[in-house]
Amino acid sequence: MEDRVNYSEIVEFLRSTIRRETGLLREIEEYAGLHHIPIIQPESAALLKLLIKLHKPKKILEAGTAIGYSACIMAAAMDKTGIIDTIEIDEELADIAKNNIKAMGYDNRIRVILGDALEVLECLNCSYDMIFLDAAKGQYIEYLNHALRLLRPGGLLVSDNVLYKGLVAQKDKIQHKHRTIATRLKEYLKLICSHERLETSIVPIGDGMAISLKER
Ligand code: SAM
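Residues numbered from 1 in each chain as written. Predicted model: local features only at pLDDT ≥ 70, side-chain atom pairs only at ≥ 80, totals over all residues. Heavy atoms only, no water.

Q: Whenever I open this one, the packing of helix α2 (residues 23-34) against helix α4 (residues 69-77) confuses me. Can you help?
A: If you want to describe how two helices pack, look at the angle between their axes and the distance between the axes. Axis separation between α2 and α4 bottoms out at 10 Å; the angle between their running directions is 160°. The orientation of α2 relative to α4 falls into the category roughly antiparallel. Where α2 crosses over α4, the two elements pack in a sense that is left-handed. Across the interface between the two elements, Leu 25, Ile 28 and Glu 29 of α2 pack against Tyr 69, Cys 72 and Ile 73 of α4. A breakdown of the residues in the contact of α2 with α4 according to their chemical character gives 5 nonpolar, no polar and 1 charged. (Axes fitted to C-alpha atoms, helices over the stretch in contact; angles between N-to-C directions. Helix = DSSP H or I, 4+ residues; strand = E, 2+ residues; numbered from the N terminus. Parallel < 35°, antiparallel > 145°, perpendicular 65-115°, else oblique. Left-handed = near helix turned anticlockwise from the far one by under 90°. Contact = heavy atoms within 4.5 Å. Nonpolar A, V, L, I, M, F, W, Y, C, P; charged D, E, K, R; others polar.)

Q: Where do I start with empty space enclosed by the protein in this structure?
A: Empty space among the atoms becomes visible once a probe the size of a water molecule is rolled across them. Within this structure, the stated rule accounts for 1 cavity of 30 Å³ or more. Roughly 50 Å³ of internal volume is contained in the largest cavity. Lining the largest cavity, in full, are Ile 18, Arg 19, Arg 20, Glu 21, Glu 29, Pro 42, Ala 45, Ala 46, Lys 49, Tyr 69 and Ile 73. Sorting the residues of the lining of the largest cavity by element identifies α3 (42-55) and α4 as the ones contributing at least two each. Among the elements that take part in the lining of the largest cavity, α3 stands out by supplying 4 residues, more than any other. By residue class, the composition of the lining of the largest cavity is 6 nonpolar, no polar and 5 charged. (1 Å grid on protein atoms, 1.4 Å probe; cavity = no way out; pocket = protein on both sides within 12 Å on 5 of 7 lines; lining within 4 Å. Points joined across faces, edges and corners; volume = space filled by probe spheres on them.)

Q: How do you make sense of α4 when you look at a structure like this?
A: Each turn of an α-helix holds 3.6 residues, which means side chains three or four residues apart point in the same direction. Taken across its 9 residues, α4 has 8 buried, putting it largely inside the fold. For α4, the complete set of buried residues consists of Tyr 69, Ser 70, Ala 71, Cys 72, Ile 73, Met 74, Ala 75 and Ala 77. (Buried < 20%, exposed > 50% of the residue type's maximum accessible area, 1.4 Å probe, protein only.)

Q: Mind showing me how you'd approach the pattern of salt bridges here?
A: If charged atoms from side chains of opposite charge come close, those side chains can pair. Here the structure, examined in full by the defined rule, presents 8 salt bridges. For Glu 43, the salt bridge goes to Arg 15, with nearest N and O atoms at 2.9 Å. Residue Glu 43 is found in helix α3, and its partner Arg 15 is found in helix α1 (residues 8-17); the two are separated by 28 residues along the sequence. Judged by relative accessible area, Glu 43 falls into the buried class, the value being 4%. Here Arg 152 makes a salt bridge to Asp 129, at a shortest N to O gap of 2.8 Å. One end of the pair, Arg 152, is in strand β5 (residues 151-160); the other, Asp 129, is in strand β4 (residues 128-133), and 23 residues separate them in sequence. Given the relative accessible area of 22%, Arg 152 is considered partly exposed. (Salt bridge = Lys/Arg side-chain N within 4 Å of Asp/Glu carboxyl O.)

Q: When you look at the site of the ligand in this model, what are you seeing that I'm missing?
A: Ile 40, Gly 64, Ser 70, Glu 88 and Asp 134 are the nearest of the 19 residues found near the ligand. Between Ile 89 and the ligand, the recorded distance is 3.3 Å, taken from a backbone N or O atom to a nitrogen atom. Here Asp 116 contributes a side-chain N or O atom positioned 2.8 Å from a nitrogen atom of the ligand. Contact with the protein chains removes 87% of the 600 Å² of surface that the ligand exposes when unbound. With respect to the pocket detection grid, the ligand is positioned in the largest pocket. Looking at the shell around the ligand, its residues break down into 11 nonpolar, 4 polar and 4 charged. (Near = heavy atom within 4 Å. Polar contact = N/O pair within 3.5 Å; in protein donor to acceptor, adjacent residues only side chain to side chain. Areas by Shrake-Rupley, 256 points an atom, 1.4 Å probe, with all protein chains shown as cover. Sits in = over half its atoms within 2 Å of the grid points.)

The following block contains the structure:
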């Protein structure tokens, strides 16, 4: 499916201009590309890092680990004592993530939780300074109540892929296989934009990123 959030010239320009990952992180990025594992896009990763450096979270919760790329990027941007809980449903990916996290030297700061994000969220009770949603796009609405419960007042909720390759804004009929996710993401965006406790901005970067601040 074609990516229609941004013009390809702009994406190309951004990717050749922003500071890109090097070393092991670049290798993980290349591995993901080679094995068709979806990871955060470089320009979205740059924004995520900036948000972390501005917001200075001590504790982050991520839904959707894949091979641990974004978790390692976030750990690198955090203070050296910052910790991350990250949830992944796919056992094979979770194992690769654990290996990558260990190789990056973050195994004492990043905990990979194997399971369905919604079920894990239901069981969590601690408070987080930031939550990054990047798991099942069709379930963001269900994640929201838990995210709001787990996020401290003044905490940051970041949701990736909210424009879903531009389909969320498409006026023509959406292909059946993508229709439910696009409709649900549209509802999710309406919810976080109208929520009385959230201040939200939708940024058309990468596959679309929503940034919401939970009011104090
Ligand atoms: N955050 C990762 C990164 O940028 O490096 C990429 C995550 S990828 C876009 C989405 C991940 O969510 C996949 O690895 C997928 O297996 C996982 N996932 C899908 N449905 C899930 C669910 N219900 N619970 C937990 N993880 C899920």
